[in-house]
Amino acid sequence: MSEQSIIPIEQILPNKLPLVSLAGRPIFPGVFTPIMILNPPDVRLVEAVTAGDGLIGLVLLLNDTETPSINDLYKVGTAAKIVRKINMPDGGVNIFISTIKRFKIKKPLSFQNPMTAVVQYLDELEDDTPEIKALTRALISEMKELSENNPLFSEEMRLNMVNIDHPGKIADFIASILNIDKTEQQKTLEETNVRRRMEQVLVFIKKEQELLRIQKRIQNEINEKINKSQREYFLKEEMKAIRTELGQTVDAKTADYQRFKEKFDSLHFEGEVKEAVEQELEKFNMLETHSPEYPITRNYLDMIVALPWTDEKPESFDLKTARKILENDHYGLEDVKERIVEYLAVRKLRNESKTDSAVGSILCLVGPPGVGKTSVGKSIARALGKEFFRFSVGGMRDEAEIKGHRRTYLGAMPGKIIQGLKIAKSKSPVFMIDEIDKMGASYQGDPASALLEALDPEQNNSFRDHYLDLPFDISRVFFIVTANTLDTIPPALLDRMEIIELPGYINTEKLEIARRYLVPKSLEKSGLKKNHARYSKEALLYIANCYARESGVRAFEKNLDKIHRKLAKEIVEGNSAQSNQSETPEENAAAKQDEGVRKIDKKTIEKQLGKPLFPEGELKKANRPGMSLGLAWTSMGGDTLVIEATSIAGKGDFILTGNMGDTMKESAIIALTVAQKWSIERYGLDPSWFENNHIHLHIPAGATPKDGPSAGVTMATALCSLFKNRVIRDRLVMTGELSLTGQVLPIGGLKEKTVAAARNKARHVIIPKQNLRDLDDIPEIVRSGLEFHPVENFAEVLTMALT
């Protein structure tokens, strides 16, 4: 065939083309590339085209879809010739195509697969101008720079780019290999103006170069950090080797290791402790400082080092000094003081006989708030010459607070006992555990159960904290436990302690405590001198009687503080007023002299504190049938309890009012039964009377909760007084639990109740016979003027009350 008969393929392209959709990115003209066809309709289309002229149209999808239609395609695509077809095992075909020319869809012929359309081929608009030549050189130059710094561009790509002689095709080739968005590539494909297309591609190259520069900068920064870390590591190793050669101190980790080793060697550990410590020390030596386990292991070893494994402090056994300290710090509390002196005497004898003096002790101080339980602990530590550590377990619900957290947990810490030993730096300190009766229990454990091991003298010589996980001897610790009541303490824990009850103070004791401790302390707290306020005996007793009747002295101290604050205000305001007046030196001296003497009497107290909370002279009386006077223990100390009973026509109901607790209600029912039996058998009351009358028992002060069994005999006496229609004996008070058979059972708080009886000017006090032993604990000044009548059964009570 002659050269003139060869026709370019662009001139014989058909007007109708079968269309194949592209999902990834458009394909530019002048490219030879493989395409994988997997969609069955497209596979059938390729088979049909291969059997014909082999020409197809490649158009990019607007949005990815499994069943595309012609409306889902861009309007501009590329015509291509299928050069070769390879069938794949999965049913798809791999075709090699040679792209020819741009086209634009003019008229769709088949909207669904196989899609066919009438197309219009697009010619490139170009002119041979210096700008085109300059853009061509710029594209090739910039692309060379980009390809040199990007390993993704192969040598074959560079050669193809150099050998392309058409400006438009150069732009197409570069756009096809750049990593840009498919929409940007589609815009380049749709651009027929060669100059504008080349300018677009040049912008894409610049963006790619900028991204490459940022990527390179980030990579260099990472490499610098890695190189710096490696360099620092090698330098540190070299410095370590040099210092070792010179015999100098090495890095912090090695210094810690040497410190730990020297300390452990000096402690002479044995057995399990020695083995565990050596393992941890070797583990610490092998860890790198940046390891997450490094600070955990270091803190653990620090804790072991800080604990007092050996106690080298000499003990003081001077009984006279100890007794003097206890007497100076607290008034009364003879049982506590005697117990401390006994403890010291035992340790002194064991020390003299060369016996191991490691005898711990566990005391439980029980008493109402404000009687000085916590301050007693500090005095005991002073008397023994030991370190003092206090912690409260009130409201504690997690047993880890006592025995520590296991080291597997992040932020694990030892328990309070081990922490206290670390702080005290002594193996035999005085530990005070406050509010042990207010511990709780939850899903996190029971702190009371965790204390069983710590407070057991047979076990605490090898106490094992969860964090420490080593046996530690705490048998030398003097434990002092405080509580307001024994009712909520588990029996197993209570059995491990020696109970010492701290009863409430009577008025004479409060008087002495106020004179010796409270008044000087309150004056100092308020910035006053000792001679600024002078209290008479009657004034202090007036505060105790009318403003602070509770068992302790906390409210007493608060009232003193209130008086002294107001007194300080008066002094400051008086000084300011005097400074504004022109007085002679003699008048100023007289004013200062008068200022120093301020006598506190009843009138001053009422002015500063307001009207009394408990007015004097208000005596409670049982002056009508159905009334009786009982004695009750409260947090405010002892109090007189009025019981009122009455009856009206009804159906035999028994109503209780006055905010009674369950125990008191049961006592009232027992009292009714006993009173009914005695009234029928002894007083000859008709049993039908109870069926036709409604009985109401009431205890005044309904807003105050009341509970306990000790008002049993009082309620039964009030009911018998009602049934017999007789007033009980004048100035008679009583207390005692009543059984269903009429037995009078023992009660508690007799000292406070006796104070309440004396305050109400009673003459006769009925008490259970089993409480006779408690009379010895009541001061003679309280018992004077009172006649006690011990009884065993209810018959004796009625004999005394209603005859």
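Since the model is a prediction, treat every value here as computed from it, not as a measurement.

Can you tell me about the overall build of the protein chain, naming the residues and giving the values?
Broken down by element type, the protein chain carries 27 helices and 24 strands. Of all 803 residues assigned to the protein chain, the portion counted as buried reaches 44%. Within the protein chain, counting contacts between residues at least 6 apart in sequence, those at least 24 apart form 74% of the total. Carbon and sulfur atoms make up 51% of the accessible area of the protein chain, which amounts to about 42900 Å² in all.

A description of the packing of helix α17 (residues 507–525) against helix α18 (residues 537–546) should follow, citing residues and the corresponding values.
Two numbers describe how α17 lies on α18: the axes approach to 9 Å, and their chain directions differ by 110°. Looking at the two axes, α17 sits roughly perpendicular to α18. Taken as a pair, α17 and α18 cross one another with a handedness that is right-handed. Here α17 contributes Asn-507, Lys-510, Leu-511, Ala-514, Arg-515 and Val-519 to the contact with α18, which in turn contributes Lys-537, Leu-540, Leu-541, Ala-544 and Asn-545. Broken down by class, the residue content of the contact of α17 with α18 amounts to 6 nonpolar, 2 polar and 3 charged.

Before we move on, can you summarise the pairing of strand β7 (residues 361–366) with the specific residues and values?
Most of β7 sits out of view: 6 of its 6 residues are buried. Across the two faces of β7 the burial is the same, with Ser-361, Leu-363 and Leu-365 and Ile-362, Cys-364 and Val-366 all buried. Inspection of the sheet shows β7 paired to strand β12 (residues 478–483) by 6 bridges, in the parallel sense. Looking at β12, one finds that Ser-361 is bridged to Phe-478. Sheet topology places β7 next to strand β13 (residues 498–501); 4 bridges connect them, and they run parallel. Its bridge partner lying in β13, Cys-364 is registered against Ile-499.

Summarise the environment of Ala-138; cite the residues concerned and give the values.
Inspection of the secondary structure assignment puts Ala-138 in helix α2 (residues 130–149). Its relative accessible area of 25% is what places Ala-138 among the partly exposed residues.

Break down helix α11 (residues 334–352) for me, citing the residues and quoting the values.
When the terminal C-alpha atoms of α11 are compared, their 27 Å separation across 19 residues agrees well with the 27 Å that a helix rising 1.5 Å per residue should span. For α11, the full list of buried residues reads Val-336, Lys-337, Arg-339, Ile-340, Val-341, Tyr-343, Leu-344 and Arg-347.

Describe unusual backbone geometry, and please don't skip the residues or the numbers.
Here Glu-435, not a glycine, exhibits a phi torsion of approximately 55°, which is positive. One non-glycine residue, Arg-731, lies in the positive phi region at around 60°. Of note, Arg-731 is situated in the loop between α24 (712–724) and β20 (732–734).

Residues and numbers for the nonpolar core, please.
By size, the foremost hydrophobic cluster in this structure holds 58 residues, and its most contacted members are Leu-697, Met-715, Leu-719, Phe-723, Val-765 and Phe-794. With 8 residues, the top contributor of residues to this core is α24. Non-local contacts of Met-715, meaning those with residues more than four positions away in its chain, are made with Ile-643, Met-664, Ser-667, Ala-668, Ala-671 and Leu-697. Among the nonpolar cores identified, the runner-up in size contains 52 residues, and Phe-264, Val-277, Val-393 and Ile-489 belong to it.

Parameters and conventions
Residues numbered from 1 in each chain as written. Predicted model: local features only at pLDDT ≥ 70, side-chain atom pairs only at ≥ 80, totals over all residues. Heavy atoms only, no water. Helix = DSSP H or I, 4+ residues; strand = E, 2+ residues; numbered from the N terminus. Buried < 20%, exposed > 50% of the residue type's maximum accessible area, 1.4 Å probe, protein only. Contact = heavy atoms within 4.5 Å. Areas by Shrake-Rupley, 256 points an atom, 1.4 Å probe, with all protein chains shown as cover. Axes fitted to C-alpha atoms, helices over the stretch in contact; angles between N-to-C directions. Parallel < 35°, antiparallel > 145°, perpendicular 65-115°, else oblique. Left-handed = near helix turned anticlockwise from the far one by under 90°. Nonpolar A, V, L, I, M, F, W, Y, C, P; charged D, E, K, R; others polar. Pairing = 2+ DSSP bridges. Expected span 1.5 Å × (residues − 1). Core = buried A, V, L, I, M, F, W, Y, C linked by side-chain atoms within 4.5 Å.

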